[in-house]
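# Analysis of the macromolecular model
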Amino acid sequence: MSARGWLLSDAPTSRWQARAGRAYAGWLALSRNRLAMVGLAIVGGLVVVAALAPWLAPYPPDLADLGARLRPPSAAHWLGTDEMGRDILSRLLHGARLTLWIVAVVAVTAAPAGLVIGTVAGQAGGWLDTVLMRLTDVFLAFPKLILALAFVAALGPGIENAVLAIALTSWPPYARVARAEALTLRHADYIAAARLYGASPARIVLGHVVPMCLPSVVVRVSLDMAGMILAAAGLGFLGLGAQPPMPEWGAMVSTGRRFILEQWWVAAMPGLAIFTVSLGFNLLGDGLRDVLDPRGR
Amino acid sequence: MTRSSRLAGWLLSLALTALGLMLVTFLIGRVMPIDPVLAAVGDRAGADVYDRVRVELGLDQPLWRQFLTYVGQVARGDLGHSTLTARPVLEDIARVFPATLELATCAMLIGTALGIPAGVLAATQGGRWPDHVVRVIGLAGYSVPIFWLGLMALLLFYARLDWAPGPGRISAHFEGVVEPVTGLILIDALLAGETEVFRDALAHLALPALVLGLFSMAYVSRMTRGLMLEQLGQDHIVTARAKGLSEARVVWRHALGNVAVPLVTVVALSWANLLEGSVLTETVFAWPGLGLYLTNSLLGADMNAVLGGTLVVGAIFVGLNLLSDLLYRLLDPRAAG
């Protein structure tokens, strides 16, 4: 039997085969979406660039050459040089690591937090639900970037604090989504059965409710990733995120702003990088939503 | 549920949200690494002075007491003094807010005027190239860093083509010509009959409003497309077509007429989201609004101004959400009663 036939079999013989088959069917649906494939290529490219930055970059990212300040794009410096004579392309390639790191940290902290808060609220009901959802509503009552700004103001500028601030403002929508799913499961028979077997509340939530809420949260997170990149870049641009010697793209646009009228490439190139990557995440997220959540079509 | 008990529940949840907003800003103010006593007395003051000021500022009280005091102050409209401008924060905000309101409102109008037709077009042409174009423009509007778009717009239309005036809200020689009545320069200039000032202000407004409007258009066109797609699959559309109505009438009157109510909420929400975009846009265009005030206060470590500004923005955000909710109830006969 061919691998394809085994994957798409109507009668899987093991749980593992069924899972692999569903993943493969999802992949087939996703790969038919051309825009999503463009997004996947961009995101994949970002991962490759981040992994291989030291080998791909023609110069070290912090190598200053004051004799070659603010040079326009040329054969030696494909994207030109900045105000310290540093190669912009090399800095962008190294900055890809920072961007990926920011997205990854926010996603792995905010998503599980929102997931747990939402499922606990939906499953428990009563006063716990009220308290948790009130808290969520209060966080949702502020525009995200403004709240992140206030957090950074209190914590002090810097990339770690910017990431923390973005994570603190990102979890509420996930909690909402997870709660909505958990509510529909509250009186499900299989939950009642698990309870009858004597499963503890923690086991019910983690083992039986969380897995059901996971797809909607994953879709939501993948749609939000571009927003996280933009928020981090915005904080960097305002001088509240990553601080200058770091090759963070938003901070690079901010320094380039001083030379915008004459040496436009210093600000234009990092901004283009932010745009491309965030477009990639949005295209991919859009495609994933169509595959994982047919209701949203 | 009766109408009065629903109203009571609604007011209670509003009060809780307001308390929550204040709790968040209060707690943020408490984690900050700056010692408010030290900031007030300077580091050369003796221990007795330090302790006296600490008591005067109420910092020796338990946290819940301090929070109650804070709520009382906010309720009386006292957001403290800004250390940068040496004026009450509320007064500062009242002065800069009209600039943000003017910018966000124009951006919202642009976004709505372009976004709704684009969304309708995309939905009726589902799957064909106009649909793809609208979708890609929408996604691009979501993905572009707005501060970068603003910089590039300034570079192209101001520096290279010289079509637009530079940053700022008005040219220096028109500064102070018009007496602020509403604080919205366009309206003030019209009231005073100063057409030249009006034209100058409009020219300054055009670029930032377009940049911000693109952001709003992305959201509005996407929501319109989704809502219209849903409507066009309904039975009453089939009926309208079967009656032989023209396609234009079916689309614009029967389908769009039915999504008008949810669209109102979409537009109100996009207006609220523009508050956020305006922080970055105002910084790029040196637009003297709430966003620029917030960032300047942040960089100047002016905590009262930052927290006051955050609280006001949060309150406006909640207010606009309520407004969209109310409009929905007023306009949709099914939600009334």
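Everything in this summary refers to the structure shown in the same document. Everything quoted here is computed from the prediction, not taken from an experiment.

What follows deals with the overall build of chain A. Counting its regular elements, chain A contains 11 helices and 0 strands. Principal axes of the C-alpha set define a box for chain A whose edges measure 75 × 55 × 30 Å. For chain A, with 297 residues in total, the buried portion stands at 51%. By sequence separation, contacts in chain A at least 24 residues apart represent 68% of the contacts at least 6 residues apart. Summing over all exposed atoms, chain A offers an accessible surface of approximately 13,800 Å²; the carbon and sulfur share of this is 66%. Between the averaged position of the 24 positive side-chain charges in chain A and that of its 17 negative side-chain charges there is a distance of 7 Å.

Turning our attention to the packing of helix α5 (residues 89-124) of chain B against helix α12 (residues 290-299) of chain B. Residues and elements named next belong to chain B. Between α5 and α12, the shortest axis-to-axis distance is 7 Å and the interhelical angle comes to 135°. The angle between the axes of α5 and α12 places the two elements in the oblique class. Every residue of α12 that contacts α5 at Val89, Asp92, Ile93, Val96, Phe97 and Thr100 is listed here: Leu290, Gly291 and Tyr293. Residues belonging to the contact of α5 with α12 are distributed by class as follows: 6 nonpolar, 2 polar and 1 charged.

On to the environment of Arg65(B). Note on placement: Arg65(B) falls in helix α4 (residues 63-75). Separated by 41 residues in sequence, Arg65(B) and Cys106(B) have C-alpha atoms that sit 43 Å apart.

Moving on, we get to the packing of aromatic side chains. For any two aromatic rings, the description comes down to two numbers: the centre-to-centre distance and the angle of the planes. Following the criterion strictly, the structure yields 7 aromatic pairs over all chains and no others. The interplanar angle of 20° and the centroid separation of 4.4 Å between the aromatic rings of Phe237(A) and Phe147(B) together place this pair among those described as stacked. Residue Phe237(A) is located in helix α9 (residues 201-237), and its partner Phe147(B) is located in helix α7 (residues 146-160); the two belong to separate chains. Each member of the pair, Phe237(A) as well as Phe147(B), carries the same accessibility label: buried. Here the aromatic rings of Phe26(B) and Tyr70(B) are separated by 5.7 Å at their centres, their planes lie at 40°, and the arrangement is tilted. Of this pair, Phe26(B) sits in helix α1 (residues 3-31) while Tyr70(B) sits in helix α4, placing them 44 residues apart in sequence. For the residue pair Phe26(B) and Tyr70(B), the accessibility class agrees, reading buried in each case.

Moving on: helix α3 (residues 34-56) of chain A. Residues and elements named next belong to chain A. When the terminal C-alpha atoms of α3 are compared, their 28 Å separation across 23 residues is substantially less than the 33 Å that a helix rising 1.5 Å per residue should span. Where α3 bends most, at alanine 50, the angle is about 50°, and the proline proline 54 comes one to four residues later. Here α3 has its buried residues at Ala36, Gly39, Val43, Leu46, Ala50 and Ala53. The elements touched by buried residues of α3 are α2 (15-31), α4 (88-124), α10 (249-256) and α11 (265-292).

What counts, and where the lines are drawn
- Residues numbered from 1 in each chain as written.
- Chains lettered and ligands numbered in written order.
- Predicted model: local features only at pLDDT ≥ 70, side-chain atom pairs only at ≥ 80, totals over all residues.
- Heavy atoms only, no water.
- Helix = DSSP H or I, 4+ residues; strand = E, 2+ residues; numbered from the N terminus.
- Buried < 20%, exposed > 50% of the residue type's maximum accessible area, 1.4 Å probe, protein only.
- Contact = heavy atoms within 4.5 Å.
- Areas by Shrake-Rupley, 256 points an atom, 1.4 Å probe, with all protein chains shown as cover.
- Lys, Arg positive; Asp, Glu negative; His and termini not counted.
- Charge placed at Lys NZ, Arg CZ, Asp CG, Glu CD.
- Axes fitted to C-alpha atoms, helices over the stretch in contact; angles between N-to-C directions.
- Parallel < 35°, antiparallel > 145°, perpendicular 65-115°, else oblique.
- Nonpolar A, V, L, I, M, F, W, Y, C, P; charged D, E, K, R; others polar.
- Phe/Tyr/Trp six-rings, centres within 6.5 Å; stacked < 30°, edge-to-face > 60°.
- Expected span 1.5 Å × (residues − 1).
- Bend = angle between axes of the 7 residues up to and from the residue.

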